[in-house]
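Now for the letters of each chain:
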Amino acid sequence: MSNNQTGLPTAGLRSALSRTIPLLPIIAMCSKRAAVQAPGARSSKRKRLSCSYGELQQALSFLVSFRRKLDTVPDSTGAETTGDDTAIDMDEEEFDKLDTLVASLTARSSGLETEPTLDDLNIVEKLPLSIYPYEALLTRANNLRSVGGEHFMSASNMYGQLNMLTDLLVLDSEASARAYVDVIIYRAAALLPNQKHMIINTEYRNKSPSSHDATLNGFLDYTLTVTDNPTMAVQARSGKKISAPVLSIFVVEAIVMSTILSGFIPQAVGQLYASAIKLGQRHIRGALTNGVEWIFIILSVNEDGIGASYRTSVAIRFTLKFALDIEPPMPDVIAGMLTYWLDHCSEDIGNDDWFISTSEVQG
């Protein structure tokens, strides 16, 4: 008996799945999040589900169908066969692991089914944000190229880091997406005025203080805070509680590059709403990204404190060209937008923003 008690597919099972199910990447991602920890083991990181409810249901449906196909009589060679006569080399332990995985994902699916929608929370989408004309963006981005030149993450170093990642990374994972996100965030930190201090918190547990919004509890990929108080920054980075009023935060949610970014907007909006309620902020800003594509989101809580409205930008992206360098100006534009939004994360859209509301454009 193998001592592998994680509940993850072993080599034989992965091989069988790869020949039978086209959704293996989704299943692998879900199965890792639903892994059963070995008795007595201590995890250094809390596991969480990173696929949507729809993706989980899709993967689970294929897994159940696949498991049923395995309930056949062995052929003369001793190998299990399916309806299309595909030989599958699996032992009894792997069958047990597959059953454990299906049971775990079924239980997780049942729990997610009751999560509220934005409609349930009285959160409505308003007209999208309109980005400034390209020429204006280019001028503003070019003006930022020389800012933070003395910082490690200067403009030239940012492009060097992005090009290095493109040369080295396999892209189809959330960890790869976060590597790109980190570079943009570090560049945004370099663009801040010298008296401003950024505080980066990753995998922050977002726990709503209201039982009504308790279903929004979860983990935020990044929370970013800017303060002009160096003592407060040091205290926050060391994990100490600060006695000053709660700081405004900017929320960044990162997802896998191969997924469609817009499909995760409701999840990001829900996290922004929970954060705004917890902090008592009327306005809160955030971004949804896969590292190279960014959607900026601003949410405004209703005056009565129940429900909210939100606006999103178009997807702003830079292109990865394998064996070719990433070219300006879009990484500069994204870093500049992030810096400004960080410094105004508890405010509504203003006159000096990188965006204007569509209603203003139409007016």
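Residues numbered from 1 in each chain as written. Predicted model: local features only at pLDDT ≥ 70, side-chain atom pairs only at ≥ 80, totals over all residues. Heavy atoms only, no water.

### Looking at the overall build of the chain
And step 1. For the chain, the helix and strand inventory stands at 11 helices and 12 strands.
And step 2. Considering only intrachain contacts with a sequence separation of at least 6, the fraction spanning at least 24 residues in the chain is 71%.
And step 3. Counting only carbon and sulfur atoms, one obtains 52% of the accessible surface of the chain, whose full area is about 18300 Å². (Helix = DSSP H or I, 4+ residues; strand = E, 2+ residues; numbered from the N terminus. Contact = heavy atoms within 4.5 Å. Areas by Shrake-Rupley, 256 points an atom, 1.4 Å probe, with all protein chains shown as cover.)

### Some points on unusual backbone geometry
And step 1. Of note, the amide linkage connecting proline 328 to proline 329 takes the cis form, showing an omega dihedral of 10°.
And step 2. Its location among the elements puts proline 329 in the loop between β11 (316-317) and α10 (330-343).

### Some points on the side chain of serine 154
And step 1. The residue serine 154 is located in the loop between α5 (134-144) and α6 (155-168) in this model.
And step 2. Ignoring anything within four residues of it in the chain, the contact list for serine 154 reads Gly148, Gly149 and Arg187.

### Looking at the confidence of the model for the chain
A low pLDDT means the predicted coordinates there should not be read in detail.
And step 1. Counting all residues, the mean pLDDT for the chain is 76, and 67% of those residues have values of 70 or more.
And step 2. Overall, residues 1-9 carries pLDDT values under 50, and its contacts beyond four positions in sequence, including any with other chains, amount to 22 contacts.
And step 3. Note that residues 31-50 has pLDDT below 50 and, in this model, 39 contacts with residues that lie over four places away or in other chains. (pLDDT = per-residue confidence, 0-100.)

### Quick word on the pairing of strand β10 (residues 308-312)
And step 1. Across the 5 residues that make up β10, a large majority, 5, are buried.
And step 2. Across 5 bridges, the pairing between strand β9 (residues 293-301) and β10 is antiparallel. Note on β10: the bridge partner recorded for isoleucine 298 is arginine 311.
And step 3. Counting the residues between successive antiparallel strands, the hairpin from β9 to β10 contains 6 residues, one of them, glycine 305, with a positive phi of roughly 80°. (Buried < 20%, exposed > 50% of the residue type's maximum accessible area, 1.4 Å probe, protein only. Pairing = 2+ DSSP bridges.)

### What to know about the pairing of β9
And step 1. Judged by how many residues are buried, β9 sits mostly within the fold: 9 of 9 residues are covered.
And step 2. Where burial is concerned, the two faces of β9 agree: the one with Glu293, Ile295, Ile297, Leu299 and Val301 and the one with Trp294, Phe296, Ile298 and Ser300 are both buried.
And step 3. Note that strand β8 (residues 283-289) and β9 share 7 bridges and pair antiparallel. From the neighbouring strand, glycine 286 faces β9, where its bridge partner is isoleucine 297.
And step 4. Linkage of β8 to β9, two consecutive antiparallel strands, is achieved through a turn of 3 residues, within which glycine 291 is found at a positive phi near 105°.
And step 5. Strand direction decides the pairing type here: β9 and β11, joined by 2 bridges, are antiparallel. Residue pairing in the sheet places tryptophan 294 in a bridge with isoleucine 316 of β11.

### Some thoughts on the nonpolar core
The nonpolar side chains of soluble globular proteins are, as a tendency, buried together.
And step 1. Formed by 49 residues in total, the largest nonpolar core has its most connected members in Tyr180, Phe250, Trp294, Phe296, Phe318, Leu338 and Trp341.
And step 2. Tallying contributions element by element places α10 first for this core, with 9 residues.
And step 3. One finds Ile249, Leu272, Ile284 and Ile295 within the second-largest nonpolar core, a separate group that totals 23 residues. (Core = buried A, V, L, I, M, F, W, Y, C linked by side-chain atoms within 4.5 Å.)

### Details of helix α7 (residues 174-191)
And step 1. In this model, α7 (18 residues) spans 26 Å end to end at C-alpha, consistent with the 26 Å of a helix rising 1.5 Å per residue.
And step 2. With 13 of its 18 residues buried, α7 lies for the most part within the structure. (Expected span 1.5 Å × (residues − 1).)

### Some points on the environment of serine 262
And step 1. For serine 262, the location among the structural elements is in the loop between β7 (250-254) and α9 (265-279).
And step 2. Residue class for serine 262 comes out partly exposed when judged on its relative accessible area of 44%.
And step 3. As a C-alpha pair, serine 262 and threonine 289 span 27 residues in sequence and 9.5 Å in three-dimensional space.

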